[in-house]
Amino acid sequence: MAPSKKVGKKSTTAPPKKGAASSSGPGKVAKADWKEGFKKKQAGVSDMTLLSTISNEAINENLKKRFENKEIYTYIAHVLISVNPFRDLGIYTLPILQSYKGKNRLETAPHVYAIAEAAYYAMNAYSENQCVIISGESGAGKTEAAKRIMQYIAEVSGQGEGDVAGVGGIGKIKDMVLATNPLLESFGCAKTLRNDNSSRHGKYLEIMFNSKGEPVGAQITNYLLEKGRVVGQIKNERDFHIFYQFTKNASPEQRETLGIQGPESYVYTSKSGCLDVPSIDDAADFAETLKAMNIVGLSQDEQDSIFRCLAMVLWLGNVQFGENEDGNSTIPDEGVTEFIAYLMEVDKDTVTKVLTSRVMETGGIGRRGSIYDVPLNVSQAGAGRDALAKAIYERLFQWIVDRVNVSMKPQVRHDHVIGVLDIYGFEIFQDNSFEQLCINYVNEKLQQIFIELTLKTEQEEYVREQIKWTPIDYFDNKVVCELIEEKRPPGIFAALNDATATAHADPSAADNSFVQRLSSLGSNPNFESRGSKFLIKHYAGEVLYNISGMTDKNKDSLVKDILDLVATSSNSFLQELFPDKVDPSNKKRPPTAGDKIKLSANALVENLMKSQPSYIRTIKPNQNRSPSEYDSKAILHQIKYLGLQENIRVRRAGFAYRNTFEKMVERFYLLSPNTSYAGEYTWNGDPQSGCAQILKDTGIAKDEWQMGTTKAFIKNPETLFALETMRDRYWHNMAGRIQRAWRNFLRYRNECASRIQRFWRSKKDGIEYARFRQKGHDLLGGRKERRRYSLVSMRRFAGDYLDVGGRSSSGAVLKNAAGLGPSETVVFSGRVELLKSAFGRSSKPSPRFLVVTNSAAYFLISSAKDGRISTTVERKVPLVTIRSVGLSNLRDDWIAFNTTASEEGDPVFTSVFKTELVAQLHKATSGSLQINIGPSIDYAKKKEKRQLIQFKKDEMVVRNDVYKSHVVSVGSGEPPNSQSRPAARRLPGVVRPITQGKLLRKGGPSTPHPSASRAASKPTPKPVSLPGKVAPSKPMSYETSTPAAKSAAPSSRMPPPPPARTAAPPPPPAKPDVPRYKSLFNFDGQDGEMSLKKEEIVEVKEKDDNGWWLVTKNGSEGWAPS
């Protein structure tokens, strides 16, 4: 496409006023726009690398200014800082989204859409997987940012024009990706003291794209659902959203079959004292959840099974235990357990037994043991009930995630991935337990990724690449990660696992064991043991953890009784949630919750390190969720632990962009005339020198870039954007050239086509008329003398001579008079003279109008009445009633329609277009019309009275013919077998060359251009392969058994002399055991490669599929390209 302006519209400049100065010249400065004064003024700086003072206080002050000005987004280079506004600012509308499409971050204001655009553009432009890492504490807006990124990618990627082959449709994939937000929010988010929509699980969404940048599938990975929230929450918090949505908005059928009541009726949803949240509409959210279930492909049966499991969890919480005389637990209200048994489709007595007792087995390996039913006390029974409820909900949540992944699984190959990480934020509560330890551990791992990729790795890369720069000090939280996850020496998770292994009937004893094992960590500066609690100095602050109950939560295994209970259920969906089979011979310790979260966190880190990351660092402005409060002290703490100051220092001292020489050359070689020609890569040097040449030829200042040992480094992002702009302009210019050449070709082609069309139009109509005229001659069959006018070359059968079927007013009068319908097509119209008889005197011709359509012939007469002329239909003759037409064999113009019997008789009339009329009637009747030609015309004068009209030659009649008393006298005409005269030949015209278009030269294509000799003298650069790409030509060619003969064959053009008869020919050389090949051009090999010269013969020992062959020459081996 041709270059286009990005800003402004084309306008017409008014002529200057008389006397105005005209010294400004052509480069006149554009007039200032008065609307600029009404634009919103920017507060602070949008990119904090431009701060004059780099300190935590200066960062805080800048964020405060922007927050108070309703600007919640700020950059630190390519890192986005987001401050939660706790209100809708109207910045996520479709027009705003579209304004970020195709723009780099310097062209637009900071926004989460800019981060999404940068990731999507980088994926398409550089063919690299991308990921967006969103971090921050709970309530800082991570989930909202993730939703907006998915919204942007779904809007700008592909067009969604229906299904593609093998895929459910691009639009359908987008809808499913967006539908995962309300679905997983309902089942995985809850209201906490700090956040009304707090993620209580981690989610990593990977959107998969094809080579065109269109989404073809997606996958969700779930991390550590906070299942403890199912059975208990602190005051003024809520259970997961879905419980309140379901209990408030269940259908009457669900309330009947599942016993659903309001949330106040269930212990799990009511004991925290918070049933409603002002900012949450449970009814609307439930409708969105149901809609999302349908979009992701959940069937009605699957949805019913999900709600049945939710009812099981709710009713399990209503099971209350009492204490009998022996101190064992009992269930006073067995109606609840009976209803739970109905929901689980198991026996009610089995439910009661599982909830109030445990099966214990005694005996060792190789010995026969005994099985006992051990009754549980009230505390143990309550813990078992809660364990069953948590297990059902946790496995239900994982089933939903797996089912969504099945629906979004790509059906075709995907090329690239964009990942969006939405995971729980760092948490510090009054009472922190095992859940907070796991959540904060994952956040430590994410902080470590940020440090690795933005601080540590960057500085190490500068040293490795020998780049000049100033090092920056920073805190590396790797020591905190090792404190939690290390095995040797044992960290917190390892000590917790050892203590969990000793937890049997008394969890408090296992907790005490954990306290003792933590004493070995006392020497770690980031750890403090405080009796039944311990403190960890996280990157986000010091957190004090309560040890009570940690070992029991870490155990994370179901007792055999619960698994046996589910195994007896006739509900197939419930059994699908619990595929575990109890293996009594397996003595291996099952993985603990700590093992699972550590494995998941390491897998997440490994996955993220394979992609190019983009960062969004979210900040919570206050703890009250107020849209106007800015807690400077709390935000300053977040600025410190997020390391924003160090991040700014590294960015200001370092380089914004770097890439390998090969990638740089591959991306930007078009910008230098020394490395490209007509879009082809022509540089013959190494990639490093080619990259340096490109940067020099583009005019970039030397202090803006440095060359490392393997990579090129660009200091400012503006420089990279300038390179990208130049690259885009190159393609625009090339497209403009191609378009100009194509338009000139179209002009040339159109002119040629116009000449051909003019010639054809001048001949086409004549050909058609000539064919139809010849048909008229054939119908007469050489039986009638012809008039000379009928045989001239210009004679055309126009048909509608009165323009009845046209637009003229006279033709419209006749059409209206005849009353022609829309289905009737006029095939002939003309003036005729109809033979009319009068009482007491002989017949005589009378003028009439004849109109013939595809269905009838109309005779119209015009008469004067009251000074006005009116035209009426005198007679209508349907074509189906015309059996034949009668004509004489002389040159007269008389014709008769022989119709079926009627009172009016047969019409007889004269028409100068008789031959054409007969041809049109023959065509309109599909060839069924009979044509009678003879010395007389026989017709019916009345219904039962026939009459003959005789025809005789009279040379005294010079023109036309004379009718009198049924005798027509006519002179001699042209012979009956006469044909139309040939058309007159045109004078030969002058052939003019076609010279329209700027690229077409005067005089035609054969005229040589003056610059042709100069262009021929300048050699055209030959294209070579890009670094790392396959060579365009092959040095090895064909196999030969007689190299000497074949190498000499191309040089000898004369036939060989006859062989001497005196000497016998030498025997043929022996065929070599190893195939031998000849090199087609020189190859300069490096270490391990074989250098070859043109026409050199080598033996091939091995052929590799990667394009290299192992060859042997003079006893040495080496690799050569094939």
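What you are looking at is a predicted structure, and each value in this text was computed from that prediction instead of being measured. (Residues numbered from 1 in each chain as written. Predicted model: local features only at pLDDT ≥ 70, side-chain atom pairs only at ≥ 80, totals over all residues. Heavy atoms only, no water.)

Once that is clear, we can look at the sheet that holds strand S1 (residues 73-76). In spatial order, the strands read S1-S2-S16-S3-S12-S6-S7; together these seven strands make up an open sheet with mixed pairing. Looking at the sheet topology across the chains shown, the edges are occupied by S1 and strand S7 (215-223). Neighbour-to-neighbour, the strand axes of this sheet turn through a mean angle of 20°, independent of strand direction. In terms of strand pairing, strand S3 (residues 130-135) meets strand S12 (residues 416-422) through four bridges, oriented parallel. Of the residues in S12, the one forming a bridge with valine 132 is valine 420. (Pairing = 2+ DSSP bridges. Helix = DSSP H or I, 4+ residues; strand = E, 2+ residues; numbered from the N terminus. Axes fitted to C-alpha atoms, helices over the stretch in contact; angles between N-to-C directions.)

A word on the confidence of the model for the protein. Atom-level detail of predicted coordinates should not be read off regions where pLDDT is low. Across the protein, pLDDT averages 82, with 85% of residues at or above 70. Every residue in residues 1-38 scores below 50 in pLDDT, and together they form 12 contacts with partners more than four places removed in sequence or on other chains. The low-confidence segment residues 160-168, where pLDDT is below 50, has 15 contacts with residues more than four positions distant or belonging to other chains. (pLDDT = per-residue confidence, 0-100. Contact = heavy atoms within 4.5 Å.)

This part is about the pairing of strand S27 (residues 894-899). S27 sits mainly inside the fold: six of its six residues count as buried. Judged by which residues are buried, S27 turns out to be covered on both faces: Trp894, Ala896 and Asn898 on one side and Ile895, Phe897 and Thr899 on the other are all buried. Where strand S26 (residues 882-888) meets S27, four bridges bridge the pair, whose relative direction is antiparallel. Bridge pairing links glycine 886 to alanine 896 in S27. In textbook terms, the turn of a hairpin is the stretch between consecutive antiparallel strands, and for S26 and S27 this stretch comprises five residues. (Buried < 20%, exposed > 50% of the residue type's maximum accessible area, 1.4 Å probe, protein only.)

All right, on to the sheet that holds strand S22 (residues 826-838) then. An order of S25-S24-S23-S22-S28-S27-S26-S29 is seen for the eight strands of this open sheet, with the pairing classed as mixed. Both outer strands of the open sheet, strand S25 (868-878) and strand S29 (930-934), are each paired with one neighbouring strand and no more. If you compare each strand with its neighbour and ignore which way they point, the axes differ by 35° on average. Summarising the sheet, S22 and strand S28 (residues 908-910) pair through two bridges and their orientation is antiparallel. Residue pairing for S28: glutamate 833 is matched across the bridge by threonine 910.

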